[in-house]
Structure formats: C-alpha cells, structure tokens
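Observations on the three-dimensional arrangement
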Amino acid sequence: MPINIISNAKEKLSASGLMIGATLFFATMGMCVKFASASYGTGEIVFYRGIVGAAMVVLITRASGETLRTRLPAMHAWRSLTGVSALGLWFYAIGELPLATAMTLNYMSPIWMALLLIGGSVLIGGGRVDARLVCTVLVGFLGVVCILQPTMEPHQLWGGLMGLLSGLLAAMAYLQVTALGRAGESEARIVFYFSVGSICAGALETSLISGWHAHTLRGLGMLLAVGVLATLAQLLMTRAYGIGGTLVIASLQYLGIAWSLLYGVLLFDDPV
C-alpha cells in the first residue's frame, strides 16, 4: 500500500509538471501568434501550425518506431473538430484583444470542463465529481480575474465572444484528449491527427475566405515558432491529461494567463 501511494504521488507530480511546462509553451506560442497576426490571417496561422506539428510528430514517431495507425478514427475526428475550432477562435481573439485577456477567456475551459463533467455525471448517473476540485477551479479562475481585471473596448466585444466560445470548445476537446489517452492512444497519434485537422481547416478557411499572404523572413520565423511551440505544448498537455486527474490538470492552465500577462507587459505595452 505505501508503495502504491508513493507511485500515485509521483505520477500526479509528473502530470502537474508537464502541464506547467505546457502552459509556458502555450503562452509563448500566443506571443508569436500575436506577432504573426499582423501579417497573416487566422486560417493561415492554423494551417502552418498544423504542417509544422505534423512534420514534427512524423519525425518523432519514426525515431521511436511508433506507428501512426489508429483504431479510433471517430474519436480523433471529434477531437480534431472541436480542437481546431477552438484553436482558430483563440488565434482570432489573440489578434483582436490584449494577450492576457484573450488567454483569460480561452482559459475558462476548466470551468466549462467542470460543468460538462457535472452535467454528464447527472445525465448518466455515474460517479460523482469531487466538489472540492470544482470549487478550486472556480475560485482559481475568479482569483485570476480579480488580479488581472481583463478589459475590452466596445469594438473588441466580437473578439471577446470568440475567445469565450474558444474556451467552451477547448473544454470539449480536452475531455476527448483524456478519453483518447485512457483508451490507449499515444500522445504522438493524438497530436498528429489534430495537426492534420488543422491543416485541412486552415487551408479551407484561407482559400475560401481570408486569402493567402506573401511571406517575409520574420513572418516565416513566427509561423515556425508557433508550430514548434504548439506541438511541444500539445505533447506535454496530452500526456498530462492522460495520466493526471482531469480537473487538477485543468486548474493548472491558469498559469498560462500569468505567463501571458508578463509577455503582454514586456512586449506589447499592455497595462497591468
């Protein structure tokens, strides 16, 4: 029994550490998206982020001898649909709002996640959701909002709505990531099929709506950084959700808001 307790504690600690690293990578990626949005549309950024991510995962799987074949295509399709939609709306909000505000709206996903878990538990009559974790998620988010006091100008309300919707869709995607991880899917496969979905959705939106833009050396560097940082963050986050408690890991997402505030103050002159 003591050995099992120690093993579980180490697993939770490693999951928490992975999520903390993921929040830093996601915040840094958000900074790069903010710069890239001056030269590219949202669909383009999603498209190139998917290309870089897919290429990185292919290299990783070849080096490790792992296969990208899956026995759960429907679950991957649903995860990609919700995840890519959330990603596109989030990137749009980052381009329209102060960085910390966009991160705050997107990181309402733990609250949505808690509500979805409670609703699902009630509907199917399953196991109860720990009320202490739900309260921790709510209090943590309220604490962040009280400290940062994110604001929006009247002309930014549409961007704010998109950021809010991105949080809801992200919560649905994260729950699907948890389900895939517990069904035995590796982090690499989950991230690969999400990247493929990003490529398809980004190409479709850019070709039909926003149009393609010419590249600059600075722009290419930002797109590459977005892809690399997003893929590393996705791998860490996917692993964390696969081995850790869903709401515990979700609550650690709020660190991403703090990282983003630092970037916003240092690089974009956002007020504290």
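Residues numbered from 1 in each chain as written. Predicted model: local features only at pLDDT ≥ 70, side-chain atom pairs only at ≥ 80, totals over all residues. Heavy atoms only, no water.

1. Side note on a nonpolar patch on the surface
A contiguous nonpolar surface patch, about 370 Å² in accessible area, is contributed by Leu262, Val265, Leu266 and Leu267. Within the fold, Leu267 resides in helix α11 (residues 255-267). On the basis of relative accessible area, Leu267 is assigned to the partly exposed category, the value being 41%. (Patch = residues over 30% accessible without salt bridge, like charges linked within 9 Å, V, L, I, M, F, W, Y side chains within 5 Å. Areas by Shrake-Rupley, 256 points an atom, 1.4 Å probe, with all protein chains shown as cover. Salt bridge = Lys/Arg side-chain N within 4 Å of Asp/Glu carboxyl O. Helix = DSSP H or I, 4+ residues; strand = E, 2+ residues; numbered from the N terminus. Buried < 20%, exposed > 50% of the residue type's maximum accessible area, 1.4 Å probe, protein only.)

2. Observations regarding the nonpolar core
Grouped together as the largest cluster of nonpolar side chains are 55 residues, with contacts concentrated most on Phe26, Met29, Ile45, Trp90, Phe91 and Tyr241. The residues touching Met29, leaving out its near neighbours within four places in the chain, are Trp90, Phe91, Val226, Leu229 and Ala230. With seven residues, the next largest nonpolar core counts Val57, Leu68, Val191 and Leu235 among its residues. (Core = buried A, V, L, I, M, F, W, Y, C linked by side-chain atoms within 4.5 Å. Contact = heavy atoms within 4.5 Å.)

3. Digging into the packing of aromatic side chains
Following the criterion strictly, the structure yields seven aromatic pairs and no others. Here Phe26 and Trp90 contribute two aromatic rings whose centre-to-centre distance is 6.2 Å and whose plane-to-plane angle is 65°, an arrangement assigned as edge-to-face. Placement of Phe26 in helix α1 (residues 2-36) and of Trp90 in helix α3 (residues 73-96) is noted, with a sequence separation of 64 residues between them. For the pair formed by Phe26 and Trp90, the shared burial category is buried. (Phe/Tyr/Trp six-rings, centres within 6.5 Å; stacked < 30°, edge-to-face > 60°.)

4. What to know about the pattern of salt bridges
Pairing is possible between side chains that carry opposite charge, provided their charged atoms lie close to one another. All chains considered together, the criterion is met by three salt bridges. One salt bridge connects Arg189 with Glu66, and the closest N-O pair in it is separated by 3.7 Å. Residue Arg189 is located in helix α8 (residues 187-210), and its partner Glu66 is located in the loop between α2 (42-64) and α3; the two are separated by 123 residues in the primary sequence. With relative accessibility at 10%, the residue Arg189 sits in the buried group. Between Arg239 and Glu187 there is a salt bridge whose closest N-O contact spans 3.4 Å. Of this pair, Arg239 sits in helix α9 (residues 217-243) while Glu187 sits in helix α8; the two residues are 52 residues apart in sequence, bridging distant segments of the chain.

5. Side note on the environment of Thr178
Tracing the backbone shows Thr178 in helix α7 (residues 157-182). Judged by relative accessible area, which is 5%, Thr178 ranks as buried. Each C-alpha atom of the pair Thr178 and Gly245 lies 9.3 Å from the other, and the pair is 67 residues apart in sequence. In this view, Thr178 contacts Tyr241 and Thr246; residues no more than four positions away in its chain are not counted.

6. Regarding the packing of α3 against helix α4 (residues 99-106)
Contact geometry of α3 with α4 gives a least axis separation of 8 Å together with a crossing angle of 150°. With respect to α4, the axis of α3 lies roughly antiparallel. Handedness of the α3/α4 crossing: right-handed. Between α3, through Trp90, Ala93 and Ile94, and α4, the contact on the second element is made entirely by Leu99, Ala102, Met103 and Asn106. (Axes fitted to C-alpha atoms, helices over the stretch in contact; angles between N-to-C directions. Parallel < 35°, antiparallel > 145°, perpendicular 65-115°, else oblique. Left-handed = near helix turned anticlockwise from the far one by under 90°.)

7. Here's the deal with the environment of Gly264
Looking at where Gly264 falls in the secondary structure, it is placed in helix α11. For Gly264 and Pro98, which are 166 residues apart along the polypeptide, the C-alpha to C-alpha distance reads 7.2 Å. Here Gly264 is in contact with Leu99, Asp269 and Asp270, once residues within four sequence places are set aside.

8. Examining the side chain of Thr61
Within the secondary structure, Thr61 is located in helix α2. Exposure remark for Thr61: the relative accessible area of 3% places this residue in the buried category. With near-sequence residues (within four places) excluded, Thr61 lies in contact with Glu66, Leu68 and Ala188.

9. Observations regarding the environment of Met172
Relative to the helices and strands, Met172 is located in helix α7. C-alpha of Met172 to C-alpha of Met113: the two residues are 59 residues apart in sequence and 7.0 Å apart in space. In contact with Met172, not counting residues within four places along its chain, are Trp78, Thr82 and Leu116.

10. Section: empty space enclosed by the protein
A complete count under the given rule lists one cavity of 30 Å³ or more for this structure. Within this model, the largest cavity holds a volume of roughly 130 Å³. Forming the walls of the largest cavity are Phe26, Arg79, Gly83, Ala86, Leu87, Trp90, Asn106, Ala170, Ala173, Tyr174, Phe194 and Gln234. Looking at the lining of the largest cavity, the element that brings in the most residues is α3, giving five residues. Tallied by class, residues from the lining of the largest cavity come to eight nonpolar, three polar and one charged. (1 Å grid on protein atoms, 1.4 Å probe; cavity = no way out; pocket = protein on both sides within 12 Å on 5 of 7 lines; lining within 4 Å. Points joined across faces, edges and corners; volume = space filled by probe spheres on them. Nonpolar A, V, L, I, M, F, W, Y, C, P; charged D, E, K, R; others polar.)

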